[in-house]
Amino acid sequence: MKSLIDEWKYVWGSKYVRLIFIGPIIAALFFGLMFSQNQISKSPVVIIDEDHSEYSRQLISKINASQYMSVKSVYASRLSPETLLANEQAVAVIMLPKQLGLRQQQGKSTNIGILMDNTMPSGLTGIRTAIQEVIQTENMTLSMTRLVQKGMDAETAKGIVSPLSLQQRMLFNPTSSYVGFMVLGFVNIVVLMITTSAAGSIAPRLRQDGKLLANRKSPFHLWIRCVPYAVLSSLSLLLSYGLLKQVGGMRFEAEPYLFIIPMVVYACALSLMGMLIGYTAKDMSKVSLRTSFVLYPSFLATGIQLTPLAFPEPFQIFAWALPMNWLNRLIRGMAFRDGALTAYSQELGALLIIIGVVSLLMGLLFLREASKVSSSREPLLNADVLPSSS
């Protein structure tokens, strides 16, 4: 208990309290406002109309009416896609060939080309779906019209042309907002960076002050010092999530009093891992460099910008050792899908395993250092005892 009180006093007098709240709040406000309107509802496209018919103009109007695309320009002749897409005023080029209207009247098929600029894949959101919907709807309308003209009733014609229809619905993030994964990931990374650096400096600081081996029999006094960092990190994360919900419109369905449980478990695992990483550092200035071994893998492989399913299986397994991997899964599960706490025992269990393994390794390091110090002092004690006995 004395160690816990001592650590609380140190934390309150250090910069950590200010950093752990100010850093994530600034990230949440800045990125939340920046990406609050990020969803691309209408991607700009240009059209090359070589047909110049009434039917091609109708098709252009239908493309422009799509909820995913906006026609910026229409050209009468072919131009190279490099020229049309050079200034990023459009992300795709749609080509309507010659005799499009004539072939449509004759009932013949025609190829329509679409060239997409994939240098920024996020700009193509919905374009493939949109153009497929327009073409599919147009094909069904033309086919049904011809069948009805031949004397078939509309319901039978629809059953022949389109016997199956697809209805889809986007769940949990219907607008593909970046706030729910990218911005949230930035906030989590800021907290991870600050917490691991602060917790990692505990052992070097105590070693310099001569307090690390004050109780050589047990490393508990060292382990309990992670509590202030875990508590403050949890409060900072919840406050930041609340700001993202209000400022950026982030979806958060879980009850805060329930979500605080996995949050505290995660913060404990993160603080202990930071303490383990910095345990053998000679001084506190060396700790920040070591935290990059957790920071960069957490940013890349835990589902902040790219789903972990896109990585090879060995990389997915490697991410299991990172506390943020399980935090992101808990957020996507409990917070976004409104899942029950009992449904995520696997994620909570993984965090508890990380806490156990890290605590064991840190205890072994502590006992090894304590034994080295004891063995180095024994010759000195023997040297002091021998003259007195003589």
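Calculation notes
Residues numbered from 1 in each chain as written. Predicted model: local features only at pLDDT ≥ 70, side-chain atom pairs only at ≥ 80, totals over all residues. Heavy atoms only, no water. Pairing = 2+ DSSP bridges. Helix = DSSP H or I, 4+ residues; strand = E, 2+ residues; numbered from the N terminus. Axes fitted to C-alpha atoms, helices over the stretch in contact; angles between N-to-C directions. Contact = heavy atoms within 4.5 Å. Domains from an automatic or database assignment. Salt bridge = Lys/Arg side-chain N within 4 Å of Asp/Glu carboxyl O. Buried < 20%, exposed > 50% of the residue type's maximum accessible area, 1.4 Å probe, protein only. Phe/Tyr/Trp six-rings, centres within 6.5 Å; stacked < 30°, edge-to-face > 60°. Expected span 1.5 Å × (residues − 1). Right-handed = clockwise from strand over helix to strand, strands pointing away. Parallel < 35°, antiparallel > 145°, perpendicular 65-115°, else oblique. Left-handed = near helix turned anticlockwise from the far one by under 90°. Nonpolar A, V, L, I, M, F, W, Y, C, P; charged D, E, K, R; others polar. UniProt positions renumbered as here; feature names shortened; annotations may be inferred. Core = buried A, V, L, I, M, F, W, Y, C linked by side-chain atoms within 4.5 Å.

Peer 1: What should I look at first to understand the sheet that holds strand β1 (residues 43-49) in this one?
Peer 2: The strands that make up a sheet pair up through hydrogen bonds in the backbone, lying either parallel or antiparallel. Spatially, β2-β1-β3-β4 is the arrangement adopted by the 4 strands of the open sheet, whose pairing is mixed. Taken across any chain shown, the strands that pair with only one partner, and hence form the sheet edges, are β2 (69-75) and β4 (113-116). Pairwise comparison of adjacent strand axes, ignoring direction, gives a mean angle of 25° for this sheet. Pairing analysis gives 5 bridges linking β1 to strand β3 (residues 92-96), with the strands arranged parallel. Within β3, the position partnered with D49 by the bridge is L96. Contacting β1, β2 and β3, helix α3 (residues 54-65) runs over the sheet at an angle of about 145° to β2.

Peer 1: Whenever I open this one, the domain arrangement of the protein confuses me. Can you help?
Peer 2: Interfaces are frequently sized by the accessible area removed from exposure as the parts join. Taken domain by domain, the protein comprises domain 1 (1-35 + 175-373) and domain 2 (43-159). On a C-alpha basis, the centres of domain 1 and domain 2 stand 50 Å from each other.

Peer 1: How do you make sense of the pattern of salt bridges when you look at a structure like this?
Peer 2: Tallied over the entire structure, the rule returns 10 salt bridges. The salt bridge involving E7 is made with R205; its shortest N-O contact spans 2.6 Å. Residue E7 is located in helix α1 (residues 2-13), and its partner R205 is located in helix α9 (residues 202-209); the two are separated by 198 residues in the primary sequence. Judged by its relative accessible area of 0%, E7 is buried. A relative accessible area of 7% places R205 in the buried class. Overlapping salt bridges, with partners in common, bring together D6, E7, R205, K211 and R225 in one network.

Peer 1: What is the right way to read the packing of aromatic side chains from this model?
Peer 2: Aromatic ring pairs are described here by two measures, namely the spacing of the ring centres and the angle between the planes. Counted under the stated rule, the structure contains 8 aromatic pairs. With a centroid separation of 5.0 Å and 65° between ring planes, the pair formed by Y16 and Y229 is classed as edge-to-face. With Y16 in helix α2 (residues 16-34) and Y229 in helix α11 (residues 227-247), the pair connects residues that are 213 residues apart, well separated along the chain. By relative accessible area, which is 5% here, Y16 ends up buried. Taking 6.3 Å as the distance between ring centres and 10° as the angle between the ring planes, the aromatic pair formed by F186 and F299 counts as stacked. Taken together, the positions of F186 in helix α8 (residues 182-200) and F299 in helix α14 (residues 292-301) put the pair 113 residues apart, joining distant regions of the chain. Relative accessible area serves as the criterion here: at 18%, F186 is assigned to the buried category.

Peer 1: Help me understand helix α12 (residues 256-277) in this model?
Peer 2: Helical geometry note: an α-helix holds 3.6 residues per turn, so side chains three or four residues apart project in the same direction. The end-to-end C-alpha distance of α12 is 31 Å, a good match for the 32 Å that 22 residues give at a rise of 1.5 Å each. Most of α12 is tucked away: 16 of the 22 residues are buried.

Peer 1: How do you make sense of the pairing of β2 when you look at a structure like this?
Peer 2: Looking along a regular strand, one sees side chains alternate from face to face of the sheet. By the bridge criterion, 6 bridges tie β1 to β2 in an arrangement that is parallel. Bridging across to β2, I47 finds its partner in V74. Viewed along the sheet, the connection from β1 through α3 into β2 turns out right-handed.

Peer 1: Mind showing me how you'd approach the packing of helix α6 (residues 127-149) against helix α7 (residues 154-161) here?
Peer 2: Any two packed helices are characterised by the angle at which their axes cross and by the distance between the axes. Where α6 contacts α7, the axes come no closer than 9 Å and their chain directions differ by 135°. Classified by the angle their axes make, α6 and α7 are oblique. Judged by the twist between their axes, the crossing of α6 over α7 is right-handed. Residues M140, S143, M144, L147 and V148 of α6 form the contact with α7, whose participating residues are A154, A157, K158, I160 and V161. For the contact of α6 with α7, a count of residues per class yields 8 nonpolar, 1 polar and 1 charged.

Peer 1: Can you walk me through the pairing of β1 in this structure?
Peer 2: Within β1, 7 of the 7 residues are buried, leaving the element largely enclosed by the surrounding structure. Both faces of β1 are covered, namely the face carrying S43, V45, I47 and D49 and the face carrying P44, V46 and I48.

Peer 1: Would you explain the UniProt feature "transmembrane region" (unreviewed entry) in the protein in this entry?
Peer 2: The sites that carry the UniProt feature "transmembrane region" (unreviewed entry) are, in the present numbering, residues 16-35, 178-202, 222-244, 256-281, 293-311 and 348-367. The span residues 256-281 is 85% helical and 0% strand by assignment, and the distance between its end C-alpha atoms comes to 37 Å. Secondary structure content for residues 293-311 is 47% helix and 0% strand, while the C-alpha to C-alpha distance between its ends is 19 Å.

Peer 1: What should I look at first to understand unusual backbone geometry in this one?
Peer 2: You will see that H52, though not glycine, has its phi angle at about 60°, which is positive. With respect to the helices and strands, H52 occurs in the loop between β1 and α3. Looking at H52, the relative accessible area reads 45%, which means it is partly exposed. Positive phi values are uncommon outside glycine, yet Q99 reaches one of about 60°. Here Q99 shows up in the loop between β3 and α5 (100-106).

Peer 1: Before we go on, may I ask you to explain the nonpolar core in this structure?
Peer 2: A general trend in soluble globular proteins is that nonpolar side chains are found buried together. One finds L222, Y241 and F259 to be the most contacted residues of the largest nonpolar core, which totals 72 residues. Of all the elements in the fold, those that place two or more residues in this core are α2, α8, α9, α11, α12, α14, α16 (323-337) and α17 (345-389). Broken down by element, the residue count for this core peaks at 13 residues, all from α12. Core analysis: the next-biggest nonpolar cluster, separate from the first, contains 19 residues, Y55, M69, V91 and I131 among them.

Peer 1: Please clarify how the environment of M324 should be interpreted in this entry.
Peer 2: Relative to the helices and strands, M324 is located in helix α16. In this structure M324 comes out as buried when scored by relative accessible area, which is 0%. On a C-alpha basis, the gap between M324 and L295 in space is 9.6 Å, while along the polypeptide they are 29 residues apart. Leaving out residues up to four positions away in the same chain, M324 has contacts with N188, I189, L192, Y266, S298, T302 and I304.

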